[in-house]
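# Remarks on the overall topology
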Amino acid sequence: MIKAILIFNNHGKPRLIRFYQYFAEDMQQQIIRETFHLVSKRDDNVCNFLEGGSLIGGSDYKLIYRHYATLYFVFCVDSSESELGILDLIQVFVETLDKCFENVCELDLIFHMDKVHYILQEVVMGGMVLETNMNEIVAQVELQTRMEKSEGGLSAAPARAVSAVKNMNLPEIPRNINIGDINIKVPSLSPF
């Protein structure tokens, strides 16, 4: 089972953190620091598997990682997971990000965090692998994007609400609103 997925840059700044096992926030920060130190000091020509740090389970857990340009993608898994399978899963995740963002970079992870989390949830949920077919993942992300665009997107909702209120054609502003047993007195409001 996957216990955690960590993505951080070459300087140790976390860009995506997902724990599938509960750890207190201060413990999570220590795990991130320890994991970065374990992974970053390794040469690029050595194996991409190593035992988990002392904070995340020691020899019962494995850290499986890939280093792409300025980002480390680290999966912390228990001993039941296949190292090569997880390495392939990291590759699928990165290639999916690359397809969705057209040459993914660190800034995409920062400015499109919601989309990155959605892609990750299509691949892994609750520490279990859901989907490894990149085309299926990309299709689901595109479907989600189309739905958001058809609804105007979440970011447009407050603007639509204000616009709808402004466009309401009320002869006068209601002073009292009665709903069943509830009586609401509306204070004097200035016109828009």
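Structure shown above.
So, here is what we can say about the structure in this document. All figures in this text were calculated on a predicted structure; none of them were measured in a lab.

### Topic: the nonpolar core
Counting residues in each nonpolar core, the largest one holds 30 residues, and the members touching the most others are Ile 2 and Phe 93. The set of elements that each furnish at least two residues to this core consists of strand S1 (2–9), strand S5 (71–78), helix H2 (83–101), helix H4 (113–123) and helix H5 (134–150). By residue number, the principal contributor to this core is H2, which donates ten residues. Those residues in contact with Ile 2 that sit more than four places away from it in its chain are Tyr 20, Phe 75, Cys 76, Val 77, Glu 81, Ile 86, Leu 89, Val 124, Gly 127 and Val 129. Among the nonpolar cores identified, the runner-up in size contains 16 residues, and Ile 31, Val 39, Val 74 and Cys 76 belong to it.

### Details of the sheet that holds strand S2 (residues 14–19)
Taking strand neighbours across the sheet as the criterion, the five strands line up as S2-S1-S5-S4-S3 in an open arrangement whose pairing is antiparallel. Pairing within the sheet leaves two strands with one partner each, and these edge strands are S2 and strand S3 (49–51). Put simply, the sheet's adjacent strands are angled 20° from each other on average, direction ignored. Of the strands in this sheet, S1, S3, strand S4 (61–68) and S5 touch H2, which is tilted by about 35° from S4. With respect to the sheet, H4 is in contact with S1 and S2, its orientation differing from that of S2 by roughly 40°.

### Regarding the packing of aromatic side chains
Per the stated rule, a full pass over the model turns up six aromatic pairs. For the ring pair Phe 36 and Tyr 72, a centre distance of 6.4 Å and an interplane angle of 85° mean the geometry is edge-to-face. Taken as a pair, Phe 36 in helix H1 (residues 25–40) and Tyr 72 in strand S5 lie far apart in primary sequence, 36 residues in all. Judged by its relative accessible area of 12%, Phe 36 falls in the buried class. Residue class for Tyr 72 comes out buried when judged on its relative accessible area of 7%. Here Phe 73 and Phe 93 contribute two aromatic rings whose centre-to-centre distance is 6.2 Å and whose plane-to-plane angle is 75°, an arrangement assigned as edge-to-face. Of this pair, Phe 73 sits in strand S5 while Phe 93 sits in helix H2, and the two are 20 residues apart along the sequence. Comparing Phe 73 with Phe 93, the two get one shared label, buried. An aromatic cluster of three or more residues is present, and its members are Phe 8, Phe 36 and Tyr 72. In this arrangement the basic side chain of Lys 115 is found over the ring face of Phe 101, its NZ or CZ atom lying 5.3 Å from the centre.

### A word on the pairing of strand S9 (residues 182–185)
Look at any regular strand and the pattern is simple: side chains alternate between the two faces of the sheet. Alignment of strand S8 (residues 176–179) against S9, held across four bridges, turns out to be antiparallel. Paired with Ile 177 across the strands is Ile 184, a residue of S9. The hairpin turn running from S8 into S9, its antiparallel successor, is two residues long, and Gly 180 in that turn takes a positive phi close to 60°.

### Notes on the pattern of salt bridges
A pair can form between side chains of opposite charge whenever their charged atoms are brought close. Counted under the stated rule, the structure contains two salt bridges. Here Lys 62 makes a salt bridge to Glu 83, at a shortest N to O gap of 3.2 Å. With Lys 62 in strand S4 and Glu 83 in helix H2, this residue pair connects regions lying 21 residues apart in the sequence. The exposure class assigned to Lys 62 is buried, which follows from its relative accessible area of 14%.

### Considerations on the pairing of S1
With eight of eight residues buried, S1 is to be regarded as a mostly interior element. Bridge count for S1 against S5 is seven bridges, and the pairing is antiparallel. Residue pairing for S5: Ala 4 is matched across the bridge by Cys 76. Taken together, the five bridges between S1 and S2 define a ladder with antiparallel strand orientation. In the strand pairing of S2, Ile 5 is matched with Arg 18. Counted between consecutive antiparallel strands, the loop separating S1 from S2 contains four residues, among which Gly 12 sits at a positive phi close to 90°.

Cut-offs used in this document
Residues numbered from 1 in each chain as written. Predicted model: local features only at pLDDT ≥ 70, side-chain atom pairs only at ≥ 80, totals over all residues. Heavy atoms only, no water. Core = buried A, V, L, I, M, F, W, Y, C linked by side-chain atoms within 4.5 Å. Buried < 20%, exposed > 50% of the residue type's maximum accessible area, 1.4 Å probe, protein only. Helix = DSSP H or I, 4+ residues; strand = E, 2+ residues; numbered from the N terminus. Contact = heavy atoms within 4.5 Å. Pairing = 2+ DSSP bridges. Axes fitted to C-alpha atoms, helices over the stretch in contact; angles between N-to-C directions. Phe/Tyr/Trp six-rings, centres within 6.5 Å; stacked < 30°, edge-to-face > 60°. Lys NZ or Arg CZ within 6 Å of the ring centre and 35° of its normal. Salt bridge = Lys/Arg side-chain N within 4 Å of Asp/Glu carboxyl O.

Functional significance is not addressed by these values, which are geometric in nature.
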